[in-house]
Amino acid sequence: MAHLEAEFNRLLQLAQAEGSQMGTVRDRIVQTIYREAQDIAEKAVKLKGKAEDVDRMIDNVVTSKIWGYPLMLALLSVVFWLTISGANFPSALLAEFLFGLQDQLTALFQWAGAPDWLHGVLVLGMYRALAWVVSVMLPPMAIFFPLFTFLEDLGYLPRVAFNLDKLFKKAGAHGKQILTMCMGFGCNAAGVIACRIIESPRERLIAILTNNFVPCNGRFPTMIAMAAIFMGLLVSNYNSFTASALVAGVVVLGVSVTLAVSWILSKTLLKGIPSTFTLELPPYRIPKIGSLLIRSVFDRTLFVMMRAVVVAAPAGMVAWILANIQIGGLSILAHLAGWLQGFGCAIGLDGFIVLAFLLGLPANEIVVPILIMSYLAEGAMVELDSIEALRELLVNNGWTWLTALNMMLFSLLHFPCATTLLTIRKETQSLKWTVLAALIPTGIAIAVCFVVAQIVRGLGLF
Amino acid sequence: MGLTAKSTGIYAFLEDLNQSSVKADAIIALAGNPNTGKSTVFNGLTGLNQHTGNWPGKTVVLAKGNYLYRHKNITLVDLPGTYSLLANSADEQVARDFICFGDPDATVVVADATCLERNLNLVLQVMEITPKTILCLNLIDEAKRKKIEIDIAALENILGIPVIPTAARDKTGLKELREAIHQTVFGKRCNHPKPMVYSENIEVAIEKIQAEVENLFQGRINSRWVALRLLDGDTTIIQEMRNYLQRMEPKDQPVSETYKEVECCGSFGSRV
Amino acid sequence: MSAAEFELTRLPVGKRAEVVRVGSVGSMRNRLLDLGLVPSTVVEAVRKSPAGDPVAYKIRGAVIALRSEESRQITVRSLD
């Protein structure tokens, strides 16, 4: 056994002695190969005239001092606008279909003479959670991912990193982090995987730990609903534009927190020299739309969707069971919420909201349905047909605009979902960083909500 | 050193590869710089849906796919896009380890025809490891548009390996690529890749240790390349060589099939 | 450093220069070498990012952006 290794070590020593005499072996190797490449290219490649450099012309606009940033913001807005407004209609359609199917399922269970609890666990718990997740998540993702993939395949995203690198450098992070954040809008787990494009371990870890501050598809619907409710509670007359602006404000806050936390991490836990930044700006290429659609739908949309479905099903079952098993006249859910009430109140929320976030750990999109279910106490998740109905329900349960605001903030800043955490575990190969990835955002979320609640109450606004 | 090194990294992947339901007649590695349309070539050959992008170094997971050509089942392994096999990123290590220690039956390097000089860097590095290298000159349509003309015959002649121009987006040239792979693996075709000649002191140093390296690895890996890496003193590759030796030791197998074929080409060891 | 040699950082956009030496060490050096930044390589400054840093250079046919920390380590000689 040891024979080969000893032999190898001997050879290694010999080689190192030789190598050290020569000095920079690597330099010579690389230089020789590149010279050879240049030589061969000169022999085999001919340039027949000069083609117009379209890429350069595009880049003159895309990365210009004047147009660079506005264009980026405009594109981001267009992607969001298309995603949000384009998803509304198919979402409603899907919900109608899936919840219609639920009645059929109920009928089937009754026909088969199944016990109530079985119908409850499977249909009212599991199926409803699935129906909700699919109808809320699928349409926006089916729009967002192809759009994102289009920009990616086009070659635009590296330009974004080029434009924004200085900002990230100041925060001790890598310019490519912005791309992992863009991906995070679709799904934080996907965003965490995307962090592989960052070569240096330190900057990559920073990107992984902060990806959660970008609200993913599962949280976006919550943000939009809360923005509408907040505006509705604050002023009697508001338009959807101000609500959208509020959502945009929350996204900007998320980006600011990302930069701040990145900066703090790079000064404390992840101290170190910024590593090399080399970024290729590849030629622009118009993607083939057909294959782009197939790939983004199958590889990204359905992939992420399936993962959410797998965690939502058991979560729906557990939530139903907790809401329907009564101890001393109160459901377990209500008991748990009671214990959390004091804490929830201190951070401007209530016990049910905190519990919904905890039960929503498997997937962010089931937080609101669980919350509604607990308020209604009817023991199953429902979809309220309008935002007004939802507002009424919430106000009846003691909500103020502070609750809506803090719900948004908590949703933006709190711990990543279980899928994202598992992905972080896989990507970092470390339990320590996974735990930190949950603790850092949760700590920030609690602190921010607490401060906001105290200020608002201190000012006597409530 | 324990047994742990044996089933991690490349070896875990190889074991996984061997256990797949369809037994492959040949395993082909697909290497290339980022942004060369490598994944499009991969999809075009295998029909497997896999994401391609313009982002440098994005394909980090090793994807594999199969296709049938002339009754042979070919497994294609899509390596991460890299500029080189020398540097320190995880991507480059994965690509290098697979080409060097994974013992693929052939390695296809996808190059961007609009930017050949830069891409040749990787091609030449792969050619140093294995003579069974095929150059897939992708984006040839784009090169034409940019008024770049490439003399394929001359390139083939200089490099000493098959050069196949393709435009994978339009599936142009993929049939020829399949044929070239088939010929390289199953045919009589022998490549004679242009050897890299380094400065005299490096060549002298290589010569000093090459014979012993050849003995140590029983001719299973290219001894000239190993000698060069040892001189370079790259720690990651040295660790990988230790792992390789560890795996080699208990078995003492007869010299593998591939090695014999390679030997017929006379490209390992004896050539400078 | 002779008079005609200067740091790559100081190469104006649109101008070309030839690499004289790469001063960085360790993994940064290897990375730059792999991009083809070896002595006698011709480099052209293509554009600055809106914030002034990083700067994109045309290196052996590809456009590569480098931060000033990296380009400062590269000594070049003007070709224009």
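The structure displayed is predicted, hence computed values, not measured ones.

Q: A description of the overall build of chain A should follow, citing residues and the corresponding values.
A: Regarding its fold elements, chain A presents 19 helices and four strands. Projecting the C-alpha coordinates of chain A onto the three principal axes gives extents of approximately 85 × 65 × 55 Å. Counting only residues that meet the buried cut, chain A has 55% of its 462 residues in that class. Sequence-distant contacts, at least 24 apart, represent 75% of the contacts inside chain A between residues at least 6 apart. When the accessible surface of chain A is summed, it comes to about 20,000 Å², and 69% of that surface belongs to carbon and sulfur atoms. A gap of 10 Å separates the mean positions of the 32 positive and 29 negative side-chain charges of chain A.

Q: Quick rundown of the overall build of chain B? Include the residues and the values.
A: Counting secondary structure elements, chain B contains 11 helices and seven strands. For chain B, the proportion of its 272 residues judged to be buried stands at 62%. Approximately 10,300 Å² of chain B is accessible, and the part contributed by carbon and sulfur atoms is 51%.

Q: Account for the interface of chain A and chain B, naming residues and giving values.
A: One frequently used descriptor of interface size is the decrease in accessible area upon assembly of the parts. Contacts between the two partners involve 64 residues from chain A and, on the opposite side, 68 residues from chain B. Where chain A abuts chain B, roughly 6,000 Å² becomes buried across the two surfaces, and 62% of that area is made up of carbon and sulfur atoms. The interface formed by chain A and chain B includes seven salt bridges. We note a salt bridge from B:Asp170 to A:Lys288, for which the minimum N-O separation is 2.7 Å. Applying the counting rule to chain A against chain B returns 15 residue pairs in polar contact (both at pLDDT 80 or more). Of all the elements in the fold, those that place two or more residues in the side of chain A that touches chain B are α1 (2–22), α2 (25–44), β1 (45–47), α5 (116–154), α6 (157–170), β2 (278–280) and α12 (289–324) of chain A. Looking at the side of chain A that touches chain B residue by residue, the classes come out as 34 nonpolar, eight polar and 22 charged. Here β1(A) pairs with strand β6 (residues 148–150) of chain B via three bridges, running antiparallel. Following the sheet pairing, A:Leu47 is matched in β6(B) by B:Ile148.

Q: Go over the side chain of C:Ser24 with me, naming the residues and quoting the values.
A: All names here are of chain C. Relative to the helices and strands, Ser24 is located in the loop between β2 (16–22) and α1 (26–34). Here Ser24 falls in the buried class, since its relative accessible area comes to 2%. Once residues lying within four places of it in the same chain are set aside, the contact partners of Ser24 are Arg29, Leu32 and Gln73.

Q: Kindly report on the side chain of C:Glu44, identifying the contributing residues and their values.
A: Looking at the element boundaries, C:Glu44 is found in strand β3 (residues 42–48). With relative accessibility at 15%, the residue C:Glu44 sits in the buried group. At 3.4 Å, the side chain of C:Glu44 and the side chain of A:Arg56 are in polar contact. When residues no more than four places from it in sequence are discounted, the contact partners of C:Glu44 are A:Arg56, C:Leu11, C:Gly14, C:Lys15, C:Arg16, C:Ala56, C:Tyr57 and C:Lys58.

Q: Before we move on, can you summarise the sheet that holds strand β4 (residues 55–59) of chain C with the specific residues and values?
A: One open sheet accounts for seven strands, arranged β2(A)-β5(C)-β4(C)-β3(C)-β2(C)-β6(C)-β1(C); its pairing is antiparallel. Of all the strands in the sheet, just β2 of chain A together with β1 (5–7) of chain C have a single pairing partner and so form its edges. Neighbour-to-neighbour, the strand axes of this sheet turn through a mean angle of 40°, independent of strand direction. Where β1(C) and strand β6 (residues 74–78) of chain C come together, three bridges link them in antiparallel fashion.

Q: Which residues make up a nonpolar patch on the surface, and what are the values?
A: On the surface, a cluster of nonpolar side chains totalling about 480 Å² of accessible area is made up of A:Phe450, A:Val451, A:Ile455, A:Leu459 and A:Leu461. Here A:Ile455 lies in helix α19 (residues 431–458).

Q: Provide a residue-level description of helix α4 (residues 116–129) of chain B, including the pertinent values.
A: Between the first and last C-alpha of α4(B) there are 20 Å, a value that for 14 residues agrees with the 20 Å anticipated at 1.5 Å per step. Burial of α4(B) is extensive: 13 of the 14 residues sit out of reach of the surface.

Q: Just give me the short version of unusual backbone geometry, but keep the residues and values in it.
A: Residue C:Asp53 is joined to C:Pro54 through a cis peptide bond whose omega torsion reads 5°. The topology assignment puts C:Pro54 in the loop between β3 and β4. The phi torsion at B:Arg70 lies on the positive side, around 50°, for a residue other than glycine. By secondary structure assignment, the location of B:Arg70 is in the loop between β2 (63–69) and β3 (72–78). Phi angles above zero are rare outside glycine, and B:Asp103 is one such case at about 55°. With respect to the helices and strands, the residue B:Asp103 is situated in the loop between α3 (90–101) and β4 (106–112).

Q: Let's hear about the nonpolar core: which residues, and what values?
A: Among the nonpolar cores identified, the biggest contains 124 residues, and A:Tyr156, A:Val160, A:Ile178, A:Ile353, A:Trp399 and A:Met407 are the most heavily contacted of them. Sort the elements by how many residues they give to this core and α5(A) lands first, with 12 residues. Once residues within four sequence positions are removed from consideration, A:Tyr156 is found in contact with A:Val62, A:Leu71, A:Met72, A:Leu75, A:Leu151 and A:Tyr284. Counting 72 residues, the second-largest nonpolar core is a separate cluster that includes A:Ala37, B:Ala113, B:Leu137 and B:Leu230.

Q: So what's going on with the environment of A:Phe357? Residues and values would help.
A: Following the sequence through the fold, A:Phe357 ends up in helix α14 (residues 351–359). It is 5.6 Å that separates the C-alpha atoms of A:Phe357 and A:Val367, two residues lying 10 residues apart in sequence.

Definitions and cut-offs
Residues numbered from 1 in each chain as written. Chains lettered and ligands numbered in written order. Predicted model: local features only at pLDDT ≥ 70, side-chain atom pairs only at ≥ 80, totals over all residues. Heavy atoms only, no water. Helix = DSSP H or I, 4+ residues; strand = E, 2+ residues; numbered from the N terminus. Buried < 20%, exposed > 50% of the residue type's maximum accessible area, 1.4 Å probe, protein only. Contact = heavy atoms within 4.5 Å. Areas by Shrake-Rupley, 256 points an atom, 1.4 Å probe, with all protein chains shown as cover. Lys, Arg positive; Asp, Glu negative; His and termini not counted. Charge placed at Lys NZ, Arg CZ, Asp CG, Glu CD. Buried area = accessible area lost by both parts, 1.4 Å probe. Salt bridge = Lys/Arg side-chain N within 4 Å of Asp/Glu carboxyl O. Polar contact = N/O pair within 3.5 Å; in protein donor to acceptor, adjacent residues only side chain to side chain. Nonpolar A, V, L, I, M, F, W, Y, C, P; charged D, E, K, R; others polar. Pairing = 2+ DSSP bridges. Axes fitted to C-alpha atoms, helices over the stretch in contact; angles between N-to-C directions. Patch = residues over 30% accessible without salt bridge, like charges linked within 9 Å, V, L, I, M, F, W, Y side chains within 5 Å. Expected span 1.5 Å × (residues − 1). Core = buried A, V, L, I, M, F, W, Y, C linked by side-chain atoms within 4.5 Å.

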